Amino acid sequence: MLTISLILLPIIAGLIILLTKGDNPKTIASIAAFVELILGGYAYNQFVPNGSSQFGASYNWIASAGIKFSVGIDGISLILVCLTTLVVPFIILSTFGRTEKNAPTFYALILFMQAALIGVFTAKDIFLFYFFFEVALIPVYFLAAIWGGENRIKVTFKFFIYTLFGSLFMLLGLVYLYMKTPGLHSSAISEIYQIAEGLNGKQQGYLFWAFFIAFAIKMPVFPFHTWQPDTYVESPTAATMLMSGVMLKMGTYGLIRILLPIVPLGVQTWGTTAITLSVIGIVYGSIIAIQQRDMKRLIAYSSFAHVGLISAGIFSRTLEGLQGSLMQMLAHGINVVGLFAISEFIFQRTKSRDLSRLGGITQTTPNLTVYFVIIMLGSVAMPLTNGFVGEFLLLKGIYTYNVWFGAVSGLTIILGAVYMLRMVQKSMFGETSKLTQGFADLALHEKMTLFPLAFMVIWFGIAPNTFLPIIEPAVKQLLTIIK
Amino acid sequence: MSLITLIPLFPLIGFLINGIGFNIVPKNLAGIISTAAALASFCCAVVLFMNFSGEVQIAKVFDWITVGKLNISMSFQIDQLSLLMLLIITGVGSLIHIYSMGYMSHDAGYGKFFSFLNLFLFFMLLLVMGSNYVVMFIGWEGVGLCSYLLIGFWNKNTNYGTAARKAFIMNRIGDLGFLLGIFMIISHFGSVEYLDVFEDLGHGTVAGDKTIMWITLLLFIGAMGKSAQIPLYTWLPDAMAGPTPVSALIHAATMVTAGIYMVIRSNALYSLAPETLHIVGWVGLATALLAASIGIFQNDIKKVLAYSTVSQLGYMFMGLGVMAYSSSFFHVMTHAFFKALLFLGAGSVIHAMSDEQDIRKMGGLRKALPITFWTFLIATIAISGIPPFAGFFSKDEILAHVYEHSPLMWGLALAGSVMTSFYMFRLLFLTFFGEFRGTKEQEHHLHESPLSMTLPLMILAVLSAVGGFFNVPHLLGGDSKLANFMAPLFAHSHAVAHAADESLEKTLMIISVIAAILSAGIAYYLFIGKKSVPVADSKVAGLQKVIYNKYYIDELYDTIFVKPISALSKFFYSVIDFLVIDLAIEGIGKLVKGLSSEARLMQDGRTGVYLFVMVLSIAVIIVWTLKDFILVGFK
């Protein structure tokens with residue numbers, strides 16, 4: 001029931017906002033998101049760290065076809081559910097400074113998005129997974145297309161078609177597998193795992209690509225990333241946060257839940273290709289980020305680089321790599337939301353995100369600098385911040401897979417420092433510019449957004465064992481399926 | 001809570017109070033809180049040292065990262081090495097905290113400064129107290145962060161900010177090596193705990209093992225960054241942008257010696273890797289010579305000291321390269337005393353000169369700043385290796401071991417120590433002797449620093465004077481106390497340099513002392529006898545110009561790394577991303593668009609069109625979803 005509540009609560013709250021057209025959609029949305037956060041915390045608290053799926057519920061969806069609305073939470077789902085419930089409240093809070101036209105729809109869409117994301121992370125049926133995977137696109141598409149920047153139409157259209165195109169292949173793969181299930185057919189993920197064991201290397205090879213392209217576009221992995229920077233820049237920041245903080249994890253989660261266990265032979269053949277692309281993305285994205293002037297675009301490329309690392313770690317198929325990928329999904333979600341929030345707060349005051357026109361903000365607003373530096377340290381993987389745990393384990397996993405991949409991926413810790421420190425310096429330090437003079441101090445809602453995020457950066461850095469031992473049984477179980 | 005855990009806890013609490021309450025805590029209180037935290041740690045360290053039984057103590061605080069069989073715990077190890085480092089760090093650290101209360105008293109960022117200083121102490125203590133390589137790495141990166149924050153302390157100045165970033169990034173290059181070294185340790189030994197690793201080495205690992213060679217080399221790359229060795233040394237001179245107490249604490253006495261600490265800590269590994277030791281020794285020597293030669297021509301009081309630090313660190317690595325671990329450590333210790341003193345003295349001078357750092361504009365300061373002068377003089381004699389001050393004992397020990405290993409290395413090292421003596425006395429004479437060359441206003445303003453600043457100077461001067469007696473060699477009637485104390489650290493080591501032959505040691509000692517004194521004499525002749533003053537920057541020419549410009553190494557790095565990466569960044573962004581990948585994808589998109597006659601409308605942004613697209617898209621999803629069911633239905 002708990003899982004169902006996690007999915008339903010945001011939908012109901014969203015509908016209430018839409019139907020009542022209340023004057024204060026922000027408040028309702030944030031209350032809903034915080035209740036959802038409590039539910040997530042309750043799930044964490046009640047979760048028994050073994051390999052099993054918990055808090056499950058299953059209803060017939062299309063009984064004749066064996067398709068069920070079946071959800072549940074295991075260790076891997078848990079960390080992503082926690083991520084979703086942890087960041088959405090702060091995404092909503094961060095928007096309090098803006099007055100959106102048609103605000104009820106805006107906030108309802110954010111909540112619908114959250115429900116869809118929870119659905120993806122908890123689905124135990126491949127078609128249900130696919131359903132949520134696609135449905136999650138709709139709210140974010142509307143958010144970007146209605147409240148986005150000048151080029152929103154072209155950019156969001158491209159984004160939409162691009163990702164839709166990717167999932168088409170996944171759908172074909174899933175239908176193919178489904179048709180192979182015996183009797184009346186079943187689309188339960190566990191059933192599909194078993195069916196997949198009977199596939200030969202060639203079949204798995206095709207399926208590998210069908211799935212990989214879908215997830216690679218979503219994450220994105222080089223060279224499927226060109227939709228991302230534009231979309232992140234043009235979308236309203238709340239949507240950008242949802243996309244980068246949580247939505248892209250649908251891709252990495254898909255690799256773990258769908259791709260690895262279903263086509264292990266395919267991964268044996270093509271894994272190196274996938275890692276190579278991911279590692280190229282790490283270096284390529286980082287190098288591009290070095291010269292970016294638009295803060296949002298810079299963060300977008302950095303996110304692309306970081307996700308390459310997560311993807312490479314997953315394909316290393318080691319315990320460290322997978323544990324690291326999950327920790328890094330959590331860390332990346334928190335950090336990237338924090339960074340985008342800061343870019344938004346700066347933009348609201350200066351109407352600019354251009355690093356060459358900012359500077360000296362710390363002179364008026366040292367608070368913001370402190371939060372910025374803490375979150376920046378998380379993204380550059382400073383020990384005792386959340387980013388370190390993930391990157392350390394990921395790099396160790398990649399290193400175990402291949403020393404050279406490990407060494408090249410490791411460049412992220414150097415290049416990451418290059419672009420992140422540059423961003424902080426150009427915006428916060430130096431002399432004030434015309435735009436940053438009289439920079440207003442942080443408002444309450446901004447502090448309430450940044451403080452918890454900064455706190456989480458440090459908390460998960462000092463106490464990664466909040467999650468590591470809890471998710472380990474599920475990851476180990478997955479590894480036995482693969483091997 | 002054990003005493004061991006309290007040591008890093010005090011500065012952490014100090015940091016949190018001053019950091020979180022940076023606009024609540026009153027200014028004076030901030031300095032007192034931080035200094036009290038440093039002193040409290042020092043007291044704990046002293047108690048721990050007094051009660052030390054010789055047994056290694058491990059204090060586990062909590063399990064940090066647990067994945068499968070790998071458990072990385074936050075735990076501390078107290079043994080001879082960590083105790084000595086603790087005493088140096090908290091001792092010198094406390095003095096520098098006291099000094100800073102005077103030095104930074106006029107600065108608007110007083111509280112911020114002290115919170116950073118405490119944070120630095122915390123990480124430095126983690127670095128030396130950790131019982132495994134990952135905790136060392138936390139400290140290792142953490143001190144790098146504090147170094148970054150403090151170099152760029154005056155963040156309005158963009159140049160300082162650039163220097164801070166340079167330090168952080170160059171350190172990160174080293175850190176990547178360190179990290180890969182840790183991965184190799186995990187893969188090979190299955191643990192990161194020092195005791196486990198060294199224990200494991202006893203089971204038949206032989207000298208020359210390739211894995212051990214790679215581990216030690218990778219860890220050494222980390223040391224190159226942190227301890228400013230060729231090729232990763234150029235950040236340290238730039239780091240002088242930070243406030244002077246920072247240069248004394250971080251960039252002279254403690255953080256930059258982390259690399260030496262790491263090698264001594266890993267002596268069991270290094271002793272099994274003769275190839276690595278060879279590299280360590282020669283890198284150290286080359287750095288010592290290169291930096292000393294640059295130091296001769298620098299005119300910024302702090303830059304001279306910075307190159308001197310790089311050079312002295314080179315000596316320490318040279319000592320490590322010949323497995324003279326305890327001698328190198330001895331030099332770490334004496335260097336902490338006299339180099340901290342030199343920097344603090346320089347700070348006192350800069351303070352008196354209203355922020356002037358160019359020694360060409362100083363001169364004759366000994367009258368106005370007597371305490372600063374006398375203490376600076378002691379430190380200069382100490383660093384030059386003239387007996388009986390501290391540097392003499394530690395440097396000669398290293399040189400004697402180097403001679404046993406390779407007379408050629410010794411000869412070059414001797415040349416380095418001649419240069420050291422020269423540039424230090426040059427600095428002393430130009431600053432404190434002769435006529436005052438600054439402005440009238442500066443002359444009027446000249447004053448000795450307050451007690452909070454001169455007290456640490458005097459204490460450090462005493463330590464620089466007598467610090468050598470901690471480890472007087474047998475030759476001079478001593479009993480090598482320090483070396484004996486440290487001996488258990490090398491129990492796991494495959495080989496350690498044995499004591500030098502006494503008659504030989506004596507000869508070498510005499511030669512190097514004479515050389516140092518002669519060199520000081522030349523400096524005296526030039527700068528006091530002939531009263532020469534270094535010429536203005538524009539008049540520097542020839543080889544001197546090349547050296548004055550630090551052999552153009554910064555420019556070289558800029559040309560071969562920074563600029564190409566920037567160009568690559570632009571190329572990737574505007575050519576590969578936009579022209580190659582995106583165009584290919586748009587091409588596919590256009591192909592699809594071409595099929596629709598209405599496609600052009602897409603681009604004009606009319607609401608109706610995009611709504612249509614949206615609805616269409618949703619319809620597509622629904623149809624697709626249903627299509628499966630329909631297909632199934634047919635089956």
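The rules behind each value
Residues numbered from 1 in each chain as written. Chains lettered and ligands numbered in written order. Predicted model: local features only at pLDDT ≥ 70, side-chain atom pairs only at ≥ 80, totals over all residues. Heavy atoms only, no water. Domains from an automatic or database assignment. Helix = DSSP H or I, 4+ residues; strand = E, 2+ residues; numbered from the N terminus. Phe/Tyr/Trp six-rings, centres within 6.5 Å; stacked < 30°, edge-to-face > 60°. Lys NZ or Arg CZ within 6 Å of the ring centre and 35° of its normal. Axes fitted to C-alpha atoms, helices over the stretch in contact; angles between N-to-C directions. Parallel < 35°, antiparallel > 145°, perpendicular 65-115°, else oblique. Left-handed = near helix turned anticlockwise from the far one by under 90°. Contact = heavy atoms within 4.5 Å. Nonpolar A, V, L, I, M, F, W, Y, C, P; charged D, E, K, R; others polar. Salt bridge = Lys/Arg side-chain N within 4 Å of Asp/Glu carboxyl O. Buried area = accessible area lost by both parts, 1.4 Å probe. Polar contact = N/O pair within 3.5 Å; in protein donor to acceptor, adjacent residues only side chain to side chain. Patch = residues over 30% accessible without salt bridge, like charges linked within 9 Å, V, L, I, M, F, W, Y side chains within 5 Å. Areas by Shrake-Rupley, 256 points an atom, 1.4 Å probe, with all protein chains shown as cover. Buried < 20%, exposed > 50% of the residue type's maximum accessible area, 1.4 Å probe, protein only.

*Asks:* Just to check I follow, could you spell out the domain arrangement of chain B for this structure?
*Replies:* Frequently, the measure chosen for interface size is the accessible area removed from exposure when the parts meet. We note that the domain assignment places domain 1 (3-537), domain 2 (549-602) and domain 3 (603-635) within chain B. On a C-alpha basis, the centres of domain 1 of chain B and domain 3 of chain B stand 68 Å from each other.

*Asks:* Looking at this structure, I do not really get unusual backbone geometry. What am I missing?
*Replies:* Leave glycine aside and you will find that most residues have negative phi; peptide bonds, for their part, are mostly trans. The step from Phe-222 of chain A to Pro-223 of chain A runs through a cis peptide bond, and the omega angle for that step is 0°. With respect to the secondary-structure elements, Pro-223 of chain A resides in the loop between helix H9 (201-218) and helix H10 (227-234). A cis amide bond links Ile-230 of chain B with the next residue in sequence, Pro-231 of chain B, at an omega value of 5°. Looking at the element boundaries, Pro-231 of chain B is found in the loop between helix H8 (210-226) and helix H9 (235-238). At Phe-55 of chain A, a position not held by glycine, the phi torsion is positive, near 50°. Although it is not a glycine, Lys-351 of chain A sits at a positive phi angle of roughly 60°. Note on placement: Lys-351 of chain A falls in the loop between helix H14 (319-350) and helix H15 (366-379).

*Asks:* Can you walk me through the packing of aromatic side chains in this structure?
*Replies:* Here the distance between the centres and the angle between the planes together describe a pair of aromatic rings. By the definition in use, this model includes 70 aromatic pairs over all chains. Between the aromatic rings of Phe-34 of chain A and Phe-90 of chain A, the centroid separation amounts to 5.9 Å while the plane-to-plane angle is 85°, which identifies the pairing as edge-to-face. Placement of the pair is Phe-34 of chain A in helix H2 (residues 25-46) and Phe-90 of chain A in helix H3 (residues 75-94), with a sequence separation of 56 residues. Between Phe-153 of chain B and Trp-154 of chain B, the ring centres sit 5.9 Å apart and the planes meet at 70°, which makes this aromatic pair edge-to-face. Three or more aromatic residues joined by ring pairs form one cluster here, namely Phe-388, Phe-392 and Tyr-399 of chain A together with Trp-64, Phe-137, Trp-140, Phe-178 and Phe-183 of chain B. Geometry around Phe-133 of chain A places Lys-218 of chain A over its ring, the cationic atom sitting 4.6 Å from the centre. When the ring centre of Phe-347 of chain A is taken as origin, the NZ or CZ atom of Lys-351 of chain A, which lies over that ring, is 5.9 Å away.

*Asks:* Would you mind showing me how to read the packing of helix H11 (residues 237-262) of chain A against helix H20 (residues 468-482) of chain A here?
*Replies:* Think of two packed helices as two axes; the pair is described by the angle between the axes and how far apart they sit. All names here are of chain A. Where H11 meets H20, the closest approach of the two axes is 8 Å, and the angle between their N-to-C directions is 25°. Taken together, H11 and H20 sit at an angle that is classed as roughly parallel. For the pair H11 and H20, the crossing hand works out as left-handed. Counted together, Ile-256, Leu-260 and Pro-261 of H11 and Leu-478, Ile-481 and Ile-482 of H20 form the full contact between these two elements. Of the residues in the contact of H11 with H20, the class split is six nonpolar, no polar and no charged.

*Asks:* Explain the pattern of salt bridges to me, please; I cannot follow it from the model alone.
*Replies:* Close approach of charged atoms lets side chains of opposite charge pair. For the coordinates displayed, the defined rule picks out 18 salt bridges over all chains. Between Asp-354 of chain A and Arg-293 of chain A there is a salt bridge, with the nearest N and O atoms lying 3.1 Å from each other. Taken as a pair, Asp-354 of chain A in the loop between H14 and H15 and Arg-293 of chain A in the loop between helix H12 (264-290) and helix H13 (295-315) lie far apart in primary sequence, 61 residues in all. When salt bridges that share partners are traced, they join Lys-166, Asp-238 and Asp-554 of chain B into one network.

*Asks:* Whenever I open this one, the interface of chain B and chain A confuses me. Can you help?
*Replies:* Taken together, the contacts link 69 residues of chain B with 78 residues of chain A. Across the chain B to chain A interface the summed buried area is about 6700 Å²; carbon plus sulfur atoms make up 75%. Measuring nitrogen to oxygen at the nearest pair gives 2.7 Å for the salt bridge that ties Lys-158 of chain A to Asp-582 of chain B. Where chain B meets chain A, there are 21 residue pairs in polar contact (both at pLDDT 80 or more). Residue assignment for the side of chain B that touches chain A shows that the elements contributing at least two residues are strand S1 (57-67), strand S2 (70-78), helix H4 (110-129), helix H5 (133-151), helix H6 (158-189), helix H24 (553-594) and helix H25 (607-634) of chain B. The biggest single contributor to the side of chain B that touches chain A is H6 of chain B, with 17 residues. Residue composition of the side of chain B that touches chain A, by class: 42 nonpolar, 14 polar and 13 charged.

*Asks:* Looking at this model, I keep getting lost on the packing of H15 of chain A against helix H19 (residues 444-462) of chain A. Mind explaining?
*Replies:* All names here are of chain A. Running from N to C, H15 and H19 point in directions that differ by 35°, and their axes come no closer than 9 Å. Where H15 crosses over H19, the two elements pack in a sense that is left-handed. Contacts between H15 and H19 involve Asn-367, Leu-368, Tyr-371, Ile-374, Ile-375 and Gly-378 on the former and, on the latter, Lys-447, Leu-450, Phe-451, Ala-454, Val-457 and Ile-458. Residues of the contact of H15 with H19, tallied by class, amount to nine nonpolar, two polar and one charged.

*Asks:* Looking at this model, I keep getting lost on a nonpolar patch on the surface. Mind explaining?
*Replies:* Residues and elements named next belong to chain B. Together, Leu-556, Ile-560, Phe-561, Val-562 and Ile-565 give the surface a local cluster of nonpolar side chains, amounting to about 430 Å² of exposed area. With respect to the helices and strands, the residue Val-562 is situated in helix H24. Given a relative accessible area of 45%, Val-562 falls into the partly exposed group.

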